[in-house]
Amino acid sequence: MFNEAYSNLVIEHFMSPRNVGSMPDADAVGKAGDPSCGDSLELYVKIRDNRIIRISFLAFGCAAAIATSSMTTVLAEGQTLDAARCLTDQDIAEALGGLPDEKMHCSVLGAAALQNAIDQCEKNARPAQT
Ligand code: FES
């Protein structure tokens, strides 16, 4: 049923993804998509004192996209915006015990959506120009 090169953690996060769902009171929504396969991710974040206190996601994609989106939320929750900005697709893949080479691109969705959400948070926090 699964690509045999998937780690047990990838399969576990795909079967039981963490932090799934939209967040009506999110402070920012980060979006990312992979035009080559049509997969997409929306990442919702709630921020307090420059820290991600809640994070959730909705994804349309392959098993690796779901698993990496789930792991992105696990790694980012509780982090400061500066620390979360440093999370890379490699960090996400490694936290899942690695991904098959042909699936490494799937981990880019999580990292890109997170960066997009952080960009929006920082933009919203800037005082309006007068
Ligand atoms: Fe599209 Fe995995 S195949 S993100």
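Refer to the structure presented above.
Structural notes, computed from the coordinates.

Within the protein one finds 5 helices and 3 strands. The helix and strand sequence of the protein, counted from the amino end, reads α-β-β-β-α-α-α-α. At 14 Å, the protein has a C-alpha radius of gyration in line with the 14 Å of a compact globule built from 130 residues. Here the protein holds 130 residues, and the buried ones make up 42% of them. Pairs at least 24 residues apart make up 60% of the contacts formed inside the protein by residues separated by at least 6 positions. In the form shown here, the protein has an accessible surface area of approximately 6,800 Å², with 52% of it arising from carbon and sulfur atoms. Of the side-chain charges in the protein, 10 are positive and 17 negative, and the distance between the mean point of each set is 10 Å.

Here we have 3 strands laid out as an open sheet, ordered E1-E2-E3, and antiparallel in their pairing. The open sheet has two edge strands with one neighbour each: strand E1 (28–34) and strand E3 (51–60). Each strand of the sheet is rotated relative to its neighbour by a mean of 20°, with strand direction disregarded. As judged from the 7 bridges shared by E1 and strand E2 (residues 39–48), these two strands associate in the antiparallel manner. When the sheet's bridge partners are listed, Gly-33 is paired in E2 with Ser-40. Running over the sheet, helix H2 (residues 63–76) touches E2 and E3 and is turned about 175° from E3. Its contacts with the sheet place helix H5 (residues 107–125) against E1, E2 and E3, and it is angled at close to 145° to E1.

Here the focus is the packing of helix H1 (residues 8–15) against H2. Contact geometry of H1 with H2 gives a least axis separation of 8 Å together with a crossing angle of 85°. The angle between H1 and H2 falls in the class roughly perpendicular. In this structure, H1 contributes Val-10, His-13 and Phe-14 to the contact, and H2 contributes Ala-63, Ile-66, Ala-67, Ser-70, Met-71 and Val-74. Class assignment for the residues of the contact of H1 with H2 results in 7 nonpolar, 2 polar and no charged.

This paragraph deals with H2. Taking 1.5 Å as the rise per residue, H2 with 14 residues should run 20 Å; its terminal C-alpha atoms sit 20 Å apart, in good agreement. For H2, the complete set of buried residues consists of Ala-63, Ala-64, Ala-65, Ile-66, Ala-67, Thr-68, Ser-69, Ser-70, Met-71, Thr-72, Thr-73 and Ala-76. Elements that come into contact with the buried residues of H2 comprise H1, E2, E3, helix H4 (89–95) and H5. After H2 finishes, the residue Gly-78 shows a positive phi value of roughly 90°.

Turning our attention to the nonpolar core. Core analysis: the biggest nonpolar cluster contains 34 residues, and Val-45, Ile-52, Ile-55, Leu-99 and Leu-114 have the highest contact counts within it. If you list the elements that add at least two residues to this core, you get E1, E2, E3, H2, helix H3 (81–85), H4 and H5. It is H5 that contributes the most residues to this core, 7 residues altogether.

Here is what the cut-offs are and how they apply
- Residues numbered from 1 in each chain as written.
- Predicted model: local features only at pLDDT ≥ 70, side-chain atom pairs only at ≥ 80, totals over all residues.
- Heavy atoms only, no water.
- Helix = DSSP H or I, 4+ residues; strand = E, 2+ residues; numbered from the N terminus.
- Rg over C-alpha atoms; globule rule 2.2 N^0.38 Å.
- Buried < 20%, exposed > 50% of the residue type's maximum accessible area, 1.4 Å probe, protein only.
- Contact = heavy atoms within 4.5 Å.
- Areas by Shrake-Rupley, 256 points an atom, 1.4 Å probe, with all protein chains shown as cover.
- Lys, Arg positive; Asp, Glu negative; His and termini not counted.
- Charge placed at Lys NZ, Arg CZ, Asp CG, Glu CD.
- Pairing = 2+ DSSP bridges.
- Axes fitted to C-alpha atoms, helices over the stretch in contact; angles between N-to-C directions.
- Parallel < 35°, antiparallel > 145°, perpendicular 65-115°, else oblique.
- Nonpolar A, V, L, I, M, F, W, Y, C, P; charged D, E, K, R; others polar.
- Expected span 1.5 Å × (residues − 1).
- Core = buried A, V, L, I, M, F, W, Y, C linked by side-chain atoms within 4.5 Å.

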